[in-house]
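Read off the chains here:
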Amino acid sequence: MAIHTILVTGANGQLGWELGQLAKSYPAFKFVLVDRSELDLSFPETFEKIIHSIAPDCIINTAAYTAVDKSETEKELAFTVNATAVQELARICKGLAIPFITYSTDYVFNGEAAHPYLCSTKMDPVNYYGSTKAAGESMAMEVNENTIIIRTSWVFSSHGNNFVKTMMRLMKERESLNIVADQKGRPTYAKDLAKATLQMIEAMNVGKTINGVYHFANTGETTWFDFAAKIKAIAGLTCALNPIETKDFPTPAKRPAYSVLDTSNIEQTLSISIPHWEDALSSCMKEINTN
Ligand SMILES: NC(=O)c1ccc[n+]([C@@H]2O[C@H](COP(=O)([O-])OP(=O)(O)OC[C@H]3O[C@@H](n4cnc5c(N)ncnc54)[C@H](OP(=O)(O)O)[C@@H]3O)[C@@H](O)[C@H]2O)c1
């Protein structure tokens, strides 16, 4: 059966919002975007009734407990939203025989690798947020082997809270900033991830089998320091940036030192080439400045 009605959770998040923006360009689909007030992931027992009333052909779950540091102390809620709720959505999708797409994170890995993480690399999270996302992956797969998991990293958008918007603000307010320079990863423009997700659904609609784990991030790798330096250059700001080490910027949740994702699987499956993060950043900042 072709996918027509797509239920998107987390409508006010970066990715949920970008999917909402793209909806206009995909008239073949009917999008039902729900926010926390309409579908609260901390109450999995309420999902069945809500989902049956919408009768979607596919669910895209962008909602998540994403406060990495806060999750170290708000453990129960983080686990319910990122693991128990994801399993329940997967179970319901299996019952309805519809695709279920959910997102995970580079933080499921320990950061000790020297090469980009493959979809098949064993998960070994170093913080509680990563543990909840890893549990969500496993628990969803347990009840629905067709679950589609897209791991992503360092997400930014013109909407919501993210590193790009924080840096643009702080660089205007302060004369200098200390930025961690020893963590490596791949920034991801939520708009590009939203597009790839819809390309996945289009591929399924023409009979392609898609399931299991995929990685999506913009091309190229960087550090938070170099990411910030690029933001500064594009914005034409003068704030001094000082590179610092992770050990000099203690946070409640430990961060993996290296979390570069290998995206070849999704590129080959969908026959797409993913934009470089610097180009994606320029587009996003242009959008921020015109809003
Ligand atoms: N952001 C990143 O850097 C990053 C990195 C790796 C992976 N990911 C993953 O990518 C996916 C999309 O992330 P994102 O960047 O779009 O996250 P985001 O901007 O933080 O948005 C998350 C959304 O989830 C919603 N949410 C939180 N708790 C909820 C609940 N109990 N019930 C319903 N909705 C709830 C939030 O609602 P409110 O607006 O009401 O707070 C928010 O709109 C997530 O699975 C995330 O774990 C993100």
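Residues numbered from 1 in each chain as written. Predicted model: local features only at pLDDT ≥ 70, side-chain atom pairs only at ≥ 80, totals over all residues.

Caption draft 1: Structural view of the nonpolar core. Counting 70 residues, the largest nonpolar core has Ile59 and Leu89 as its most contacted members. Excluding anything up to four places from it in sequence, Ile59 contacts Leu7, Leu89, Cys93, Ile98 and Phe100. (Core = buried A, V, L, I, M, F, W, Y, C linked by C-beta atoms within 7 Å. Buried ≥ 20, exposed ≤ 12 C-beta atoms within 10 Å, placed from the backbone. Contact = placed C-beta atoms within 7 Å.)

Caption draft 2: Layout of unusual backbone geometry. The residue Trp154 is not glycine, and still its phi comes out positive at about 45 degrees. Tracing the backbone shows Trp154 in the loop between β5 (148-152) and β6 (155-156). Its identity is not glycine, yet Ser271 carries a phi of approximately 50 degrees, on the positive side. Locating Ser271 in the fold gives a position in the loop between α8 (264-270) and α9 (277-290). (Helix = DSSP H or I, 4+ residues; strand = E, 2+ residues; numbered from the N terminus.)

Caption draft 3: Spatial organisation of the site of the ligand. Gly13, Ala63, Ala64, Tyr103 and Val155 are the nearest of the 25 residues found near the ligand. For the shell around the ligand, the elements supplying multiple residues, two or more each, are α1 (14-22) and β4 (100-105). Looking at the shell around the ligand element by element, the count peaks at three residues for α1. In the shell around the ligand, the residues fall into ten nonpolar, twelve polar and three charged. (Near = placed C-beta within 6 Å. Nonpolar A, V, L, I, M, F, W, Y, C, P; charged D, E, K, R; others polar.)

Caption draft 4: Focus on α9. Over its 14 residues, α9 runs 20 Å from end to end, which matches the ideal 20 Å to within 8%, given 1.5 Å per residue. Of all the residues in α9, the buried ones are Trp277, Ala280, Leu281 and Cys284. The arc enclosing the buried residues of α9, seen along the axis, measures out at 100 degrees, which places them on a common side. Across from the buried face of α9, at angles greater than 90 degrees, the exposed residues are Lys286, Asn289 and Thr290. (Expected span 1.5 Å × (residues − 1). Arc of directions from axis to C-beta.)

Caption draft 5: Quick peek at the sheet that holds strand β1 (residues 5-9). Read from one edge to the other, the open sheet built from six strands follows the order β2-β1-β3-β4-β5-β10, with strand pairing classed as parallel. Each end of this open sheet is capped by a strand with a single partner; those strands are β2 (30-34) and β10 (212-215). On average, each strand axis in the sheet is tilted by 20 degrees relative to the strand beside it, whichever way the strands run. (Pairing = 2+ DSSP bridges. Axes fitted to C-alpha atoms, helices over the stretch in contact; angles between N-to-C directions.)

Caption draft 6: Fine view of helix α5 (residues 163-173). Within the sequence span of α5, burial applies to Val164, Met167 and Met171. Projection of α5 onto a plane perpendicular to its axis shows the buried side chains occupying an angular sector of 60 degrees, all on one side. Exposed residues lying more than 90 degrees from the buried face of α5 are Arg169, Lys172 and Glu173. In this fold, the buried residues of α5 make contact with β6, β7 (176-180), α7 (224-235) and α9.

Caption draft 7: Geometry of the packing of α5 against α9. Between α5 and α9, the shortest axis-to-axis distance is 11 Å and the interhelical angle comes to 60 degrees. What the angle tells us is that α5 and α9 run oblique. The two elements α5 and α9 meet at a crossing, and its hand is right-handed. Two secondary-structure elements touch here, α5 through Val164, Lys165 and Met168 and α9 through Leu281, Cys284, Met285 and Ile288. Partitioning the contact of α5 with α9 into residue classes produces six nonpolar, no polar and one charged. (Parallel < 35°, antiparallel > 145°, perpendicular 65-115°, else oblique. Left-handed = near helix turned anticlockwise from the far one by under 90°.)

Caption draft 8: Main features of the environment of Asn146. For Asn146, the position within the fold is in the loop between α4 (128-143) and β5. Sequence spacing of Asn146 and Thr209 is 63 residues, and the spatial spacing of their C-alpha atoms is 9.5 Å.

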